[in-house]
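Tertiary structure, described
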Amino acid sequence: MRLSFIAGPVDAWLEGFRYFRPFRVRFGELDAFGHVNNVVYFRYFEQARIDYFGRLGLFTDLFTGPSSGLIVVAQQEAHYLKPLYFGDAIDVGVRCARLGRTSLTLEYAVLRRPRPDGDARAGTVQAAGEGGSAAAGRGGPAAPDAPPPAGERNRANEAVDDSGPAEPAGDGRRSAVDASEDRPRPERLVAAGRSVLVHLDRERKAPAALPEAVRAVLSAFDRPEGADEWGY
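Residues numbered from 1 in each chain as written. Predicted model: local features only at pLDDT ≥ 70, side-chain atom pairs only at ≥ 80, totals over all residues. Heavy atoms only, no water.

Details of the pattern of salt bridges
Under the defined criterion, the tally for this structure stands at seven salt bridges. The residue Glu107 makes a salt bridge to Arg95 at a minimum N-O spacing of 3.0 Å. One end of the pair, Glu107, is in strand β4 (residues 103–112); the other, Arg95, is in strand β3 (residues 89–99), with twelve residues separating them in the sequence. With its nearest N and O atoms 2.8 Å apart, the salt bridge here joins Arg98 to Glu225. (Salt bridge = Lys/Arg side-chain N within 4 Å of Asp/Glu carboxyl O. Helix = DSSP H or I, 4+ residues; strand = E, 2+ residues; numbered from the N terminus.)

Okay, here's the thing in structure tokens:
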């Protein structure tokens, strides 16, 4: 597996993720071939990143606070490794990989939990390039599957929650909760992605320094590498 932003082994890369957001694949997310449309992965990335910021207590600092600027996506890519089908339960991991003065780079790992049928239909697909898509066979939509047993990682079997960012952890501290109850395994990786986000001054619409509170939390939680300034 060769992904532009994974320098070493995939299992080592996965170990860097501490926050996972659970999703359940919905029928409306499928394409004509019966698997999740390539565009939907970017929606997973978006919702997972919003909830990631929310769990870290950074939503106000980045989006709604009196001194917050504008956070915009300057670049985004996805690599598609295996198809997802209706009813699949997935975890989308988010981590801050690089942190600059005005920009930050997030990485995403989409992991599918084991299916009751033993993943019989989940054939490997060649990785697509930046922003590309990968077909996963022809022959019409696949039949819906029953969801995993109720006792299997109940928290991660929740439906997509579009009600807004999650609240910070119960004790009020800026921390995140890893929704994964077992160690992520490379064979469960079905897609990976990356986004470069830029913090803009609301008035000038020009790159502005990230709030120090944001930098401090991200640095402590994900320990990202330094990054060059993004020429937005």
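Let's talk about helix α2 (residues 40–55)
The end-to-end C-alpha separation of α2 is 23 Å, in line with the 22 Å expected for 16 residues at 1.5 Å each. Of all 16 residues that make up α2, 13 are buried, and the element is covered over most of its length. Following α2 by one or two positions, Gly57 adopts a phi angle in the positive range, close to 75 degrees. (Expected span 1.5 Å × (residues − 1). Buried < 20%, exposed > 50% of the residue type's maximum accessible area, 1.4 Å probe, protein only.)

Examining the packing of aromatic side chains
Remark: the centre distance and the inter-plane angle together describe each pair of aromatic rings, the angle taken between the planes. Counting across every chain of the model gives 13 aromatic pairs. Ring geometry for Phe17 against Phe20: centres 6.1 Å apart, planes inclined by 45 degrees, an arrangement best described as tilted. With relative accessibility at 4%, the residue Phe17 sits in the buried group. According to the relative accessible area criterion, Phe20 is buried, its value standing at 1%. Judged by centre distance (4.8 Å) and plane angle (35 degrees), the rings of Phe59 and Phe63 are tilted. One end of the pair, Phe59, and the other, Phe63, are both in helix α3 (residues 59–64), four residues apart, so they sit about a helical turn from each other. Site record: aromatic cluster; members linked through ring pairs are Tyr19, Tyr52, Phe53, Phe59 and Phe63. The side chain of Arg21 reaches across the aromatic face of Phe23, ending 4.4 Å from its centre. (Phe/Tyr/Trp six-rings, centres within 6.5 Å; stacked < 30°, edge-to-face > 60°. Lys NZ or Arg CZ within 6 Å of the ring centre and 35° of its normal.)

Description of the confidence of the model for the protein
Low-pLDDT stretches of the model should not have their predicted coordinates read in fine detail. Residues with a pLDDT of 70 or more make up 69% of the protein, whose mean pLDDT is 77. This stretch, residues 122–180, has a pLDDT under 50; its non-local contacts, to residues over four places away or in other chains, come to 137 contacts. (pLDDT = per-residue confidence, 0-100. Contact = heavy atoms within 4.5 Å.)

A closer look at the side chain of Thr102
Along the chain, the position of Thr102 falls in the loop between β3 and β4. Among the residues examined, Thr102 registers a relative accessible area of 1% and is labelled buried. The residues contacting Thr102, other than those within four sequence positions of it, are Leu197, Val198, His199, Pro207, Ala208, Ala209, Leu210 and Glu229.

Quick word on the pairing of strand β5 (residues 189–200)
For a regular strand, side chains alternate in direction, first toward one face of the sheet and then toward the other. Most of β5 is tucked away: eleven of the twelve residues are buried. Pairing analysis gives ten bridges linking strand β2 (residues 70–80) to β5, with the strands arranged antiparallel. Bridge pairing links Gln76 to Ser195 in β5. Of the strand pairs in this sheet, β4 and β5 are connected by nine bridges, and their pairing is antiparallel. Within β5, the residue paired with Leu104 across the bridge is Leu197. (Pairing = 2+ DSSP bridges.)

A word on the nonpolar core
Grouped together as the largest cluster of nonpolar side chains are 35 residues, with contacts concentrated most on Tyr44 and Tyr52. For this core, the elements supplying multiple residues, two or more each, are β1 (19–24), α2, β2, β3, β4, β5 and α4 (212–222). When residues in this core are grouped by element, the largest group, seven residues, is from α2. Look past the residues within four positions of Tyr44 in its chain and what remains in contact with it is Phe23, Val25, Glu29, Val36, Leu84, Ile90 and Val92. Among the nonpolar cores identified, the runner-up in size contains 13 residues, and Ile6, Leu14, Ala109 and Ala192 belong to it. (Core = buried A, V, L, I, M, F, W, Y, C linked by side-chain atoms within 4.5 Å.)

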